[in-house]
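# Tertiary structure, described
In case you want the letters, here they are:
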2 protein chains.
Amino acid sequence: MSNDALVTRLREHLGKAAVLTDSDVTDAYSRDMMPLAPVGKPLAVVLPSDVEGVQAVVKACAEFEVPIVPRGAGSGLSGAANAIDGCVVLVLTKLDQIVEIDAGNRLAVVQPGVVNLDFRNAVEKHGLFYPPDPSSYDWCTLGGNLSTNAGGLCCVKYGVTTDSVLGLEVVLADGSILKTGRRTVKGVAGYDLARLFVGSEGTLGVITQATVALKPLPQAPSTFVAGFSSTEAAGEAVARVVREGLVPSLLEIMDATSIKAAEAYLKTDLGAGSDCKALLLAQSDSGGEVARRELAALEQICVDCGADLAYATDDLEEGKMLLQARRVVLSALELYGVWLTDDVCVPRTRIAELIAGCERISEEVGLRIAVVGHAGDGNMHPTIVYSPDSEDEFARAQKAFDAILEVGLSLGGTVTGEHGVGKIKREWLAREIGEVGLRVHRQIKQALDPQNLFNPGSMFSL
Amino acid sequence: MSNDALVTRLREHLGKAAVLTDSDVTDAYSRDMMPLAPVGKPLAVVLPSDVEGVQAVVKACAEFEVPIVPRGAGSGLSGAANAIDGCVVLVLTKLDQIVEIDAGNRLAVVQPGVVNLDFRNAVEKHGLFYPPDPSSYDWCTLGGNLSTNAGGLCCVKYGVTTDSVLGLEVVLADGSILKTGRRTVKGVAGYDLARLFVGSEGTLGVITQATVALKPLPQAPSTFVAGFSSTEAAGEAVARVVREGLVPSLLEIMDATSIKAAEAYLKTDLGAGSDCKALLLAQSDSGGEVARRELAALEQICVDCGADLAYATDDLEEGKMLLQARRVVLSALELYGVWLTDDVCVPRTRIAELIAGCERISEEVGLRIAVVGHAGDGNMHPTIVYSPDSEDEFARAQKAFDAILEVGLSLGGTVTGEHGVGKIKREWLAREIGEVGLRVHRQIKQALDPQNLFNPGSMFSL
């Protein structure tokens, strides 16, 4: 059976406009935001607008034995959504309905193409809150969030995407529809298949609908910032926050390189003094007296750990300004070149050691490495800056990328806290989970996708 | 190969004292607390004391093609731990070490035989809190909690067992050891295998170690009780608690039959008046002013919904006394016969309808049915009372048990909120998850346990 016949079949099912084959157009759907990942040439890019369309695509591809790479907006940072040669890229952005918001039971039913921010705004009108907030929340889609088990700044208090998932609808490799999970907040009827599909990076099926739990809308946040003249002191402060049982709604760290970049970009100094080596930024969304008490406790810990700067505010605008320093880091690094952001998660007592390791690596490879991260859960994003015109710098950036993972593992951490494995960390996954772990992954993949139809070679190879 | 040879082999590996074959002794390890479930005659009961012992048992049973039924203390309510004829019952209670408590990272590493309460007490000494608190917490083991994904009173605020799990060590069907998950609070390296094994009721492998996340120790609880002259009013109060975004640390409901039983048992009236049809019991563990504010908001909702009684206290002893009414219900029901407790979870807006359904069923079958439950997450335990000497009453109790599940499903609920499927709800699982869901279960089971060695026929049949 020829590829032309598959394209004809797809057009019959989806309509001509929903099946793209012109490489000028398909290139735009062929990669995510990770420069290290390999990119292939797809046979076609398809944009079904309902679950029946997704089923038709899966059945046709199964028949023609053509692999499927599912994707959302393409904000990913692991190449999981990158095309492989000859595949069909299955774009889910047209399944973009918020099917239901059930405020009485604090849940919603959504399609995968809904943009995270649009969904947040929609539930906020009901006084509700959807916690997962990856940095790309203003353009990433919920389907991608589910497939990568995305995190964000909220995780220290509210967990990652899987913690909000109650149930899923998934199109399986034979085109049948699996409905798994539930609408109740508790339930143990059978295996937790929903959480198996969450974070499976499109290798087991195509998520076409999700039922998610919502939280009550928190209070407006109060914000706290502390500056330290050593990363060790900042790391010790984080460890003490954990040990003393504080649970801020946000707890971020910036190292010296990040601070300098943000200051250059914002054309201001962050008030931390010229020998500031680390900033901690925190918020409490508990409101009123409780928030004040939580931030006062944070301040006490930071001062005890030798902070030179410690400042709290419950003014919303001022809080936003303080957080801006954290939010602009990636843009700021573009002053120096292009960036490559890594993703490791270490035990929260080991953050300072990870930053020290990144400093060492930076010296070794002769490239700027800025460390920002979700300190409250130990999830760090060391970000390597290199020149887009230098192959040598790119090679050194790759070397640094791997060296950071090495340090992360040596500290008892994991090679990915929230970005996923995709097409760039397959060898690292194998190393982290070992032979037996890899075997179980393969057994599950083969059981659910015997033709190896879904995103083959991503995450691990058979 | 004969069964004698298997017993000999097991004795070689574990020592004679750890392999029991005398039926007077093995009977005690052959069933859990669910009277409806079938019970078989095991070939042997084995009690290894380390992971190597577990591996030896699994390998020997695989070689002799003898099924394994893993179990902990036997407090389960689904028959999942019940022996089947000719099986080896693998008792995990001797793997009872708390391997590590890492207060700095708020986590612990435990073996499956540790009793829930012992673990709670151990982490409390570090100012930490392990939330899952099934009713049997003073004797059930963590391995059973993991295998059933146990809940408890804490779930309304803190979730179920799976929400505390970071990583697992599991002995697989070929005797190899899978280490999955992590020590970090975030991590997306590969499939979420840990949460696949949690709640799999011993059908996929034997959990020999778990890494669990701990919470800061909450404040001493303040307690609130409200009495209503109709279950509809109590149900509406629960729905409004959810809708208005309150998150108490406990929110329980008792229907009229439970109240009467508790009053008879405690030889006191609960102060709710003779026409009280439902009690709500709530706690806040937020402490001080916040707890007072949370309970005041609860009180306002209850009064708005027509509560005849509404009383709050931050006195610990008085709070315990108020909660005692809820805790004694099962013991109290033994005044009238033996009990059979069901487990359904419905959307939190449908609780009153479930209770009304149970009243209808009670009249139909002519048996007392008391409804108690975790109102805050819709997880109800209608408990049927029957005479142990009457086969007819037992048959009617079984009929009521199924009729309750029927009502639960019709309200958009699940057939098990926290007890599991085991050997009593297989047909109901099939009905709830459907053909495709069942097929995926079988595919995963066959992939990981091709000999169908682990707890065959429990949860579903191949």
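Residues numbered from 1 in each chain as written. Chains lettered and ligands numbered in written order. Predicted model: local features only at pLDDT ≥ 70, side-chain atom pairs only at ≥ 80, totals over all residues. Heavy atoms only, no water.

### Some remarks on the overall build of chain A
For the record, the criterion: Helix and strand definitions follow DSSP, with helices as H or I runs of at least four residues and strands as E runs of at least two, each counted in order from the N terminus. Here's how the labels work: a residue is buried when its accessible area is under 20% of the maximum for its type, exposed when over 50%, partly exposed in between, all with a 1.4 Å probe on protein chains only. Contacts were defined at the residue level, with two residues in contact if any of their heavy atoms lie within 4.5 Å. Computed with a 1.4 Å probe, the accessible areas rest on the Shrake-Rupley method; for each residue, only the protein chains presented here act as cover. We treat Lys and Arg as the positive residues and Asp and Glu as the negative residues; His and chain ends play no part in the count. Charge positions are represented by NZ for Lys, CZ for Arg, CG for Asp and CD for Glu.
Tallying secondary structure elements over chain A gives 15 helices and 19 strands in all. Across its three principal axes, chain A shows a C-alpha extent of roughly 70 × 55 × 45 Å. Looking at the 462 residues of chain A, the share that counts as buried comes to 62%. Nonlocal contacts in chain A, meaning residues at least 24 apart in sequence, comprise 72% of its contacts between residues at least 6 apart. For chain A, the exposed surface amounts to about 16,500 Å²; the carbon and sulfur share of it is 47%. With 41 positive and 60 negative side-chain charges, chain A shows a separation of 4 Å between the mean positions of the two kinds.

### Side note on the relation of the copies chain B and chain A
This is how it is decided: Alignment of copies: least-squares fit on C-alpha atoms of residues with pLDDT of at least 70 in both copies.
Mapping chain B onto chain A leaves a residual RMSD of 0.0 Å; the transformation is a rotation of 180° accompanied by 0.0 Å of translation along its axis. One copy is carried onto the other by what is essentially a two-fold rotation axis. By residue overlap, the copies meet face to face through one surface: 100% of the interface positions of chain B are interface positions in chain A.

### So, the environment of B:Thr180
All names here are of chain B. By the secondary structure assignment, Thr-180 is in strand 9 (residues 177-181). Measuring from C-alpha to C-alpha, the distance between Thr-180 and Pro-131 comes to 22 Å, with 49 residues separating the pair along the chain. In this structure Thr-180 touches Gly-167, Leu-168, Leu-193 and Ala-194, once residues within four positions along its chain are discounted.

### Re the packing of aromatic side chains
Residues and elements named next belong to chain A. Keep this limit in mind: By convention, a stacked pair of Phe, Tyr or Trp rings (six-membered ring in the case of Trp) has centres within 6.5 Å and planes under 30 degrees apart, an edge-to-face pair has planes over 60 apart, and any other such pair is tilted. Lysine NZ or arginine CZ positioned within 6 Å of the ring centre and within 35 degrees of the ring normal marks a charge as sitting over the ring.
In total, this model carries eight aromatic pairs over all chains according to the counting rule given. Taken together, a centroid distance of 5.1 Å and an interplanar angle of 80° make the contact between Phe-129 and Tyr-158 edge-to-face. Remark: Tyr-158 occurs in helix 6 (residues 155-158) and Phe-129 occurs in strand 7 (residues 128-129); sequence separation between them is 29 residues. What makes Tyr-158 buried here is its relative accessible area of 15%. When the ring of Tyr-386 is compared with that of Phe-394, the centres are 5.4 Å apart and the planes differ by 50°; the resulting orientation is tilted. Of the residues examined, Phe-394 reaches a relative accessible area of 26% and is grouped as partly exposed. Positioned above the aromatic ring of Tyr-336 is the side chain of Arg-368, whose terminal nitrogen or guanidinium carbon lies 3.6 Å from the ring centre.

### Thoughts on the sheet that holds strand 2 (residues 44-46) of chain B
Residues and elements named next belong to chain B. Under the convention used in this document: Note on pairing: two strands pair once DSSP finds at least 2 bridges between them.
The strand order across the open sheet built from four strands is 1-2-4-3, with neighbouring strands paired in mixed fashion. Two strands in the sheet have a free side with no partner beyond their single neighbour: strand 1 (19-20) and strand 3 (68-71). Pairing geometry for strand 2 and strand 4 (residues 88-91), over three bridges, is parallel. In the strand pairing of strand 4, Val-46 is matched with Leu-90.

### Quick look at the domain arrangement of chain A
Residues and elements named next belong to chain A. Stated formally: Where a domain begins and ends is set by an automatic assignment or by a domain database. Computed with a 1.4 Å rolling probe, the buried area is the accessible surface lost when two parts are put together, summed over both parts. We define a polar contact as two N or O atoms separated by no more than 3.5 Å, with the added condition that, inside protein, one atom must be a possible hydrogen donor and the other a possible acceptor, whereas residues neighbouring each other in sequence contribute only through side-chain atom pairs. We call Asp, Glu, Lys and Arg charged. Ala, Val, Leu, Ile, Met, Phe, Trp, Tyr, Cys and Pro are nonpolar, and the rest, Gly among them, are polar.
Entries for chain A in the domain assignment read domain 1 (3-91), domain 2 (98-216), domain 3 (219-329) and domain 4 (336-452). Once you take the C-alpha centre of each, domain 1 and domain 2 turn out to be 23 Å apart. Taken residue by residue, the interface counts 14 residues in domain 1 and 16 residues in domain 2. When the two sides are added together, the surface that domain 1 and domain 2 hide from each other amounts to roughly 1,100 Å², 72% of it contributed by carbon and sulfur. Viewed at the interface, domain 2 and domain 1 are joined by two residue pairs in polar contact (both at pLDDT 80 or more). The element that contributes the greatest number of residues to the side of domain 1 that touches domain 2 is helix 3 (residues 51-64), accounting for six residues. Residues belonging to the side of domain 1 that touches domain 2 are distributed by class as follows: nine nonpolar, four polar and one charged.

### As for the state of the cysteines
All names here are of chain A. In plain terms, the rule: Working definition: a disulfide is two cysteine sulfur atoms within 2.5 Å of each other.
Overall, the coordinates contain zero disulfides over all chains when judged by the stated rule. Free cysteine: Cys-140, not disulfide-bonded; nearest cysteine sulfur from Cys-154 at 12 Å. We note that Cys-345 lacks a disulfide partner, and the nearest cysteine sulfur, in Cys-155, lies 9.4 Å from it. What makes Cys-345 buried here is its relative accessible area of 0%.

### Structural notes on the environment of A:Ala122
All names here are of chain A. Structurally, the position occupied by Ala-122 is in helix 4 (residues 116-124). Taking the relative accessible area as the measure of exposure, Ala-122 reaches 17% and is therefore buried. Along the sequence, Ala-122 and Gly-152 sit 30 residues apart, while their C-alpha atoms lie 19 Å from each other.

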